Amino acid sequence: MKKGDHLFLVDGSGYIFRAYHALPPLTRKSDGLPVGAVAGFCNMLWKLLREARDTSVRDTPTHFAVIFDYSSHTFRKEIYPEYKANRSAPPEDLIPQFGLIRQATKAFNLPCIEMNGYEADDLIATYARMAEEAGAEVTIISSDKDLMQLVTPNVSMYDSMKDKQIGIPDVVEKWGVPPEKMIDLQALTGDSTDNVPGIPGIGPKTAAQLLEEFGDLDTLLARAGDIKQQKRRENIIEHAEQARISRQLVTLKKDTPVEVGLEEFGLEPQDGKKLIAFLKAMEFNALTRRAAEATGVDASSIAPAQLKIEAVAEAHGPDLDVEAGDFEPVEIKSPSAVSPTARSGMENFTATPADLVKSRTDEALAARFDRSAYVTIRDVATLQVWIDEAMTSGIIAFDTETNSPDPMQADVVGISLATRPGRAAYIPINHKSGDGDLLGGGLVERQIPEQEVFARLKPLLEDRSVLKIAHGMKYGWLIMHRHGIDLHPLDDTMLISYVLDAGEGSHSMDALCDRWLGHKPMAYKELIGSGKSSVTFDKVPIERAAEYAGEDADVTLRLWRLLKPRLAADSIASVYERLERPLIPVLARMEERGISVDRQILSRLSGDFAQTAAAIEDDIYKLAGERINIGSPKQMGDILFGKMGLPGGTKTKTGQWSTTAQLLEELAAEGHELPRKIVDWRQLTKLKSTYTDALPGYIHPRTRRVHTSYALAATSTGRLSSSEPNLQNIPVRTAEGRKIRTAFIAEPGNKLISADYSQIELRVLAHVAEIPQLTQAFADGIDIHAMTASEMFGVPVKDMPAEVRRRAKAINFGIIYGISAFGLANQLSIPREEAGQYIRTYFERFPGIRDYMESTKAFARQYGYVETIFGRRAHYPEIRSSNPQHRAFNERAAINAPIQGSAADIIRRAMVRMESALEEAKLSARMLLQVHDELIFETAEAEVEATIPVIRDVMENAAMPAVSLSVPLKVDARAAHNWDEAH
DNA sequence: GTGGTCTCCTA
DNA sequence: GTAGGAGACCACA
């Protein structure tokens, strides 16, 4: 480097944080990867480099480098351990951008400089000095005041966001001192963001005034006694040493032993292919175009880069090795063979997981578990040490141990924590001595009182800068909420696993631990025993409980370290961020609210059902000629098809007579009396045992309401499931069954509102398969099954026979289910040949549907998964099975999953937005239940009219803005005192 | 007591 | 033909 050269030094790390907060959030269109800061960074580089070729602009670079922080562990920590100790974890949607910005730097063919143990600022200071000594000009691209001490006549700064040059006069104007006194000024004022102490009570104005008067810090400290203001004098004398340490901290190191010399920074020509490959991968279309124009490269001939998206040191602390992944541009041989979307580059994407994931997998498998190392916290002082540790690290995994799997009933027995792999603790709270009398024995000694534990934990668990991690967070959230704690922000390893691997097996902690960490954790059963001899967790000895619970927290933390980076690497972070994580508190509140169920109505119905069933029972014994067990399909089949010799009997796969309702109905239609009676008896006993007898047992003793439990990670498609009790299968089909719904009621003065999507799955099908007739029919609001019938059979929609419409309806459902001639024939009770003919006719009329089904199958075969319109994946690892039946089953499931799953995603989006929408409209409606395409609310009677339009609006627009559907969504909503009338 | 099978309730 | 949960029966331990 020589006189006349001009070195540009970009403060990359500073830029990331500033851009993140200053620029509007932006995500990659195809998958929601957050890229706002990356976009700002690329635009800035583009602008700086474009001007480099523009000779009319004076300040053009000849040399260029982008400088990054390497890790949070630097020599300043040795001087002052608290330095930057207050820094919180970066926001979740910033983390993947650290790595991306390094890759952007490489894509622009610029040196990417970082160095272990030093901050970016020290490298910048060193390079600026070297360049200035060589006679060159330097421009530092940053507006950070920490760098202003470097400004000289030859070194200036440039604020790229405000497009403002910062020279000596600008520093004086802003801070009241010249650049060379900035160090002393900062030593006096300190810096709260970096935890530099300074002197209390002295801000920039006072500091500038003092330096003006005394000249420099040393003189000031030496003559502090001369200061007139008493308080200020005392402060300066008392904190003089603190100011000296602060000066050491803010002084940038100009002699960093840099490994890369200035000669390496000479500006190289742009590598158009590499730059375009990166910009295309980011989906920065405007910039891609401009880059193509400027470099003369045909953008369509370059494949989007297959990026390794990594979180780096700023996000995870000093223990993680950092390397920004590099890539080589790939030219497309026949551009037409590649789909225009960014997903075209996926083939290798799934086959080469990010190095970070690889290294973390290796790390996880190599790690050992040592249960004896876990700490038992039995006093407040120790508890506070762990809380402080978590506050500092910004991350904590926890697990709650209770005496019941029902979070609405459970008492907390203990809480375990983990702050890093292998470092875990257990707080016993309510352990009881097991050998007590019938009352169960007293509280074990030396446990911190429950109230004290929660009071201490509350500030940590509610701190925005500390990420709380649990496996199955909804349970923990509910437990904490019952203790007045609003848990946030949070991560759930079960849901991360679910988003990554739905369809690839269990997401239980034990299974994931075995699969990913190669370790079988202590079994719960081993601890509490089984059957009669089992005990509740509060009877487990604290020593054993600590090992078990500590391990759970430890495992959770390790799984998080391993799985979380895969979200970005697999580019489905937005599914987790928008469809899973925000739903945790929403569902938890729904469960907590419960729904009112009228015990009297159910009890009366039980009596009615029992009476009718008993009468039928007598008839059956007479018809059968013996008192067999009607509830036993085995015995019933022997009577019907053996003893009585009825025709049409088929065997199940275990060789027993099949006695399904459908078969019995057919026999009944032929005039056989017994099958009819059996069907009626089964219906009544089913309603009685599953609903009217079982539901009252779920009424909570305190709330007097029924609280179901929703599973977020139970289905392969993205649907929720409901259990204990399952409120997603309350009868509706028959008049008898519907009576059960009248027992689900609103509180006095309130109404239930039921709002359900009309034909949402067929609408999704019309959208994804792009079927013009379907899209048009939905736009026009026509009866979709009648339209289908009309297209297929040539019958006019007006005065269509019910049977014709019924068949079309069955076919429409069949399509959604991945139709087969066998299944359709079964459904319609017609010959398989006839069903096959229907399907052929359907495909002739709607060829787009066959194309959709074929391409979905092909996609699933190639990648092993399919995707919803929001990017959720459902995996079908066995779709390549050599067993034709098995394979066909997987194909049908793969065809169904994008449709069912997209509908599930839509209602999830509606649910995530619903509470704030109601709140904004100042409405008090509470969301209680979800039944796949229906939401149930309870609200004050007076607000019903105002509430329905708000609910409808949120639901009908739930896909926007992520996806603009080609068909409108329609929601029907009604209010009534009970669920039957509201539906 | 546990687990598999059959049946039936929902979207 | 898709996705679930649950009760009853029954063979096995």
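Residues numbered from 1 in each chain as written. Chains lettered and ligands numbered in written order. Predicted model: local features only at pLDDT ≥ 70, side-chain atom pairs only at ≥ 80, totals over all residues. Heavy atoms only, no water.

Asks: Looking at this structure, how should I read the overall build of chain A?
Replies: Each helix and strand in chain A was counted, giving 40 helices and 23 strands. Put simply, chain A has 983 residues, and 53% of those count as buried. For chain A, restricting intrachain contacts to residue pairs at least 6 apart in sequence, the fraction spanning at least 24 positions comes to 69%. Element-wise, carbon and sulfur atoms account for 51% of the exposed surface of chain A, whose accessible area totals about 42700 Å². (Helix = DSSP H or I, 4+ residues; strand = E, 2+ residues; numbered from the N terminus. Buried < 20%, exposed > 50% of the residue type's maximum accessible area, 1.4 Å probe, protein only. Contact = heavy atoms within 4.5 Å. Areas by Shrake-Rupley, 256 points an atom, 1.4 Å probe, with all protein chains shown as cover.)

Asks: What is the right way to look at the protein's contact with DNA strand C in this model?
Replies: Around DNA strand C there are 32 residues in total, and Ser-632, Glu-724, Asn-726, Ala-810 and Phe-822 lie nearest to it. Expressed as a percentage, the sugar and phosphate content of the atoms of DNA strand C within 4 Å of the protein is 73%. A distance of 3.1 Å is found between a phosphate oxygen of DNA strand C and a side-chain nitrogen or oxygen belonging to Gln-635. Between DNA strand C and the protein, one listed contact pairs a sugar or linking oxygen with a side-chain N or O atom of Ser-689 at 3.5 Å. Those elements that place two or more of their residues in the surface near DNA strand C are helix H29 (673–692), strand E16 (721–723), helix H34 (802–816), helix H35 (821–828) and helix H38 (884–920). In terms of residue class, the surface near DNA strand C is made up of 8 nonpolar, 20 polar and 4 charged. (Near = heavy atom within 4 Å. Polar contact = N/O pair within 3.5 Å; in protein donor to acceptor, adjacent residues only side chain to side chain. Nonpolar A, V, L, I, M, F, W, Y, C, P; charged D, E, K, R; others polar.)

Asks: Explanation requested: H38 in the structure shown.
Replies: Every α-helical turn comprises 3.6 residues, leaving residues that sit three or four positions apart pointing alike. When the terminal C-alpha atoms of H38 are compared, their 54 Å separation across 37 residues agrees well with the 54 Å that a helix rising 1.5 Å per residue should span. At the N-terminal end of H38, a side-chain oxygen is found 3.0 Å from the backbone nitrogen of Gln-885, two or three residues along, and the residue is Asn-883. Once H38 ends, the next one or two residues include Lys-922, with phi positive near 55 degrees. (Expected span 1.5 Å × (residues − 1).)

Asks: Can you walk me through the environment of Ala-390 in this structure?
Replies: Position of Ala-390 among the secondary structure elements: in helix H17 (residues 380–393). Owing to a relative accessible area of 0%, Ala-390 belongs among the buried residues under this scheme. With 28 residues separating them along the chain, Ala-390 and Ala-418 place their C-alpha atoms 8.5 Å apart. Once residues lying within four places of it in the same chain are set aside, the contact partners of Ala-390 are Ile-395, Ile-396, Thr-419, Leu-460 and Val-466.

Asks: Got a minute to help me understand the packing of helix H12 (residues 272–282) against helix H13 (residues 285–295) in this structure?
Replies: In a pair of packed helices, the angle between the axes and the distance between the axes together describe the arrangement. Interaxial distance between H12 and H13 falls to 9 Å at its minimum, and their mutual angle equals 170 degrees. Taken as axis vectors, H12 and H13 run roughly antiparallel relative to one another. Contacts from Gly-272, Leu-275, Ile-276, Leu-279 and Lys-280 of H12 reach H13 at Leu-287, Thr-288, Ala-291, Ala-292 and Thr-295. Of the residues assigned to the contact of H12 with H13, the class counts are 6 nonpolar, 3 polar and 1 charged. (Axes fitted to C-alpha atoms, helices over the stretch in contact; angles between N-to-C directions. Parallel < 35°, antiparallel > 145°, perpendicular 65-115°, else oblique.)

Asks: When you look at empty space enclosed by the protein in this model, what are you seeing that I'm missing?
Replies: Rolled over the atoms, a probe as big as a water molecule pinpoints where empty space is left. Applying the stated criterion across every chain yields a total of 3 cavities of 30 Å³ or more. In this structure, the second largest cavity spans a volume of roughly 120 Å³. As for the second largest cavity, its lining consists of 13 residues, of which Tyr-83, Asp-146, Asp-194, Leu-249 and Val-250 are closest to the centre. Here the lining of the second largest cavity is composed, by residue class, of 5 nonpolar, 2 polar and 6 charged. (1 Å grid on protein atoms, 1.4 Å probe; cavity = no way out; pocket = protein on both sides within 12 Å on 5 of 7 lines; lining within 4 Å. Points joined across faces, edges and corners; volume = space filled by probe spheres on them.)

Asks: Could you clarify how one ought to interpret the protein's contact with DNA strand B in this entry?
Replies: Taken together, 22 residues form the shell around DNA strand B, and within it Thr-652, Thr-654, Val-732, Arg-733 and Asp-933 come nearest. The sugar-phosphate portion of DNA strand B accounts for 90% of its atoms within 4 Å of the protein, the bases making up the rest. At 2.7 Å, a side-chain N or O of Thr-652 approaches a phosphate oxygen of DNA strand B. One of the side-chain N or O atoms of Arg-682 is found 3.0 Å from a phosphate oxygen in DNA strand B. The dominant element in the surface near DNA strand B, judged by the number of residues it contributes, is H29, at 4 residues. By residue class, the composition of the surface near DNA strand B is 7 nonpolar, 9 polar and 6 charged.

Asks: Please clarify how the pattern of salt bridges should be interpreted in this entry.
Replies: One side chain can pair with another of opposite charge once the charged atoms of both are near each other. If you walk through the whole model with that rule in mind, you get 53 salt bridges. A salt bridge links Asp-170 to Lys-164; the nearest nitrogen and oxygen atoms lie 3.8 Å apart. Judged by relative accessible area, Lys-164 falls into the partly exposed class, the value being 40%. Put simply, Arg-558 and Asp-554 hold a salt bridge, and the shortest N to O gap is 2.9 Å. Here Arg-558 and its partner Asp-554 are both found in helix H23 (residues 542–569), 4 residues apart, which amounts to about one turn of the helix. Each of Arg-76, Lys-84, Glu-119 and Asp-122 takes part in one network of salt bridges that share partners. (Salt bridge = Lys/Arg side-chain N within 4 Å of Asp/Glu carboxyl O.)

Asks: Please explain the side chain of Glu-915 as it appears in this structure.
Replies: Its place among the elements puts Glu-915 in helix H38. Sequence-distant contacts of Glu-915, that is, excluding residues within four places in its chain, are made with Val-586, Arg-589 and Arg-593.

Asks: So what exactly am I meant to see when it comes to the confidence of the model for chain A here?
Replies: The predicted coordinates should not be examined in detail at positions where pLDDT is low. Averaged over all residues, the pLDDT of chain A equals 89, while 93% of them reach at least 70. Segment residues 312–324 is flagged for pLDDT under 50; beyond a separation of four residues in sequence, or across chains, it makes 37 contacts in the model. Between residues 334–353, whose pLDDT stays under 50, and residues either more than four places distant or in other chains, the model counts 25 contacts. (pLDDT = per-residue confidence, 0-100.)

Asks: Please clarify how the nonpolar core should be interpreted in this entry.
Replies: The nonpolar side chains of a soluble globular protein tend to be buried, and buried together. If you look at the biggest cluster of nonpolar residues, it comprises 180 residues, and the most contacted ones within it are Ile-415, Ile-427, Tyr-757, Ile-849 and Ile-906. When residues no more than four places from it in sequence are discounted, the contact partners of Tyr-757 are Ile-906, Ile-907, Ala-910, Asp-933, Met-955, Glu-956, Ala-958, Leu-969, Lys-970 and Val-971. Counting residues in hydrophobic clusters, the runner-up holds 49 residues, among them Ile-67, Tyr-118, Ala-120 and Leu-262. (Core = buried A, V, L, I, M, F, W, Y, C linked by side-chain atoms within 4.5 Å.)

Asks: Please explain the environment of Phe-108 as it appears in this structure.
Replies: Inspection of the secondary structure assignment puts Phe-108 in the loop between helix H4 (95–107) and strand E3 (112–113). We classify Phe-108 as buried; its relative accessible area is 2%. Through-space distance from the C-alpha of Phe-108 to that of Asp-271 is 7.2 Å; in sequence the pair is 163 residues apart. Not counting the four nearest positions on each side in its chain, Phe-108 is found in contact with Cys-42, Leu-45, Trp-46, Leu-49, Gln-270 and Leu-275.

Asks: What is the right way to read the sheet that holds strand E23 (residues 971–976) from this model?
Replies: Strand pairs in the sheet, formed through backbone hydrogen bonds, run parallel or antiparallel to each other. The strand order across the open sheet built from 4 strands is E21-E22-E18-E23, with neighbouring strands paired in antiparallel fashion. The outermost strands of the open sheet, each flanked by one partner alone, are strand E21 (926–930) and E23. Looking at each pair of strands side by side, their axes are set apart by 25 degrees on average, direction ignored. Here strand E18 (residues 750–757) pairs with E23 via 6 bridges, running antiparallel. Across the sheet, Tyr-757 pairs through a bridge with Val-971, a residue of E23. (Pairing = 2+ DSSP bridges.)

Asks: I would appreciate a short explanation of unusual backbone geometry in the present structure.
Replies: Glycine aside, a negative phi is what most residues show, and trans is what most peptide bonds show. Note that the residue after Glu-724, namely Pro-725, is joined by a cis bond; omega there is -5 degrees. Position of Pro-725 among the secondary structure elements: in the loop between E16 and helix H30 (735–741). In this model, Met-960 is joined to Pro-961 through a cis peptide bond whose omega is -5 degrees. Structurally, Pro-961 is set in the loop between helix H39 (944–956) and E23. One non-glycine residue, Asn-109, lies in positive phi territory at about 60 degrees. Structurally, Asn-109 is set in the loop between H4 and E3.

Asks: Would you mind going over the packing of aromatic side chains with me for this structure?
Replies: Each pair of aromatic rings is reported with the distance of its centres and the angle of its planes. The full count for this structure, using the stated rule, is 17 aromatic pairs. Between Tyr-842 and Phe-843 the ring centres are 6.2 Å apart and the planes differ by 70 degrees, which places this aromatic pair in the edge-to-face class. Across the pair, exposure class does not vary: Tyr-842 and Phe-843 are buried alike. Put simply, the rings of Tyr-524, Phe-537 and Tyr-548 touch in pairs and so form one group of aromatic residues. For Lys-651, the ring lying beneath its charged end belongs to Trp-657, and the centroid distance is 4.6 Å. Over the aromatic face of Trp-979 sits the side chain of Arg-741, whose NZ or CZ is 4.3 Å from the ring centroid. (Phe/Tyr/Trp six-rings, centres within 6.5 Å; stacked < 30°, edge-to-face > 60°. Lys NZ or Arg CZ within 6 Å of the ring centre and 35° of its normal.)

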